[in-house]
Amino acid sequence: MKFAALAGTVTGYGDRGVDGTAYSSRDGYLFADGNDDAWWIVFQPSSGAGVPGAQARGDVLACSDAHGELIRVRVLAGDVLRRDADAAFREHAPLTYEDAVAVAADLPAHRG
C-alpha cells in the first residue's frame, strides 16, 4: 500500500513530502505506540535514487496517522537497502510502533 503526504502537510524529515510504501502487520497498516497513537511505517526511496526495486536505497519512516493535522515524521533508519528493510519487516513482523522501531534499528546503513 502506498503512503503519501505533501510537503506542506509534514513536520520533521526536513519538511519534505513522503511518497513511499507502507509496511503492514497482521493487524493492518497502523502500528500503535505506548500512548495509543497510530503510526504508518513507510519505506521512502531516496529522491533521484535511479535504482528501482529491491536495490533501491531509502529511509524507513514513521508517519503519524493524523487527519486534518500536520503529519509527524520520524526517521527510524536512514539510507538502507529496500531489500533489507522489506526482509526485516517480513521476518520480524512487528505489531507495535516500538517493535517497528527495534526492527528498523537493526537494519544495516550504507557505509560508503
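The coordinates are above.
Residues numbered from 1 in each chain as written. Predicted model: local features only at pLDDT ≥ 70, side-chain atom pairs only at ≥ 80, totals over all residues. Heavy atoms only, no water.

Student: Before we move on, can you summarise helix α2 (residues 97-105) with the specific residues and values?
Tutor: What α2 keeps buried is the set Tyr 97, Ala 100, Val 103 and Ala 104. In a view along the axis of α2, the buried residues occupy a sector of 120 degrees, so they form one face of it. Looking at the buried residues of α2, the elements they touch are β4 (30-32), β5 (38-45), β6 (57-64), β7 (71-81) and α1 (82-92). (Buried < 20%, exposed > 50% of the residue type's maximum accessible area, 1.4 Å probe, protein only. Helix = DSSP H or I, 4+ residues; strand = E, 2+ residues; numbered from the N terminus. Arc of directions from axis to C-beta. Contact = heavy atoms within 4.5 Å.)

Student: An account of α1 is needed here, citing residue identities and associated values.
Tutor: Every buried residue of α1 is accounted for by Arg 82, Ala 85, Asp 86, Ala 88 and Phe 89. All buried residues of α1 project into a common sector of 165 degrees when viewed along the axis, lining one side. Across α1 from its buried face, at more than 90 degrees, point the exposed residues Arg 90 and Glu 91. Along its buried surface, α1 packs onto β3 (18-22), β5, β6, β7 and α2. Of the residues one or two after α1, Ala 93 is the one with positive phi, at around 40 degrees.

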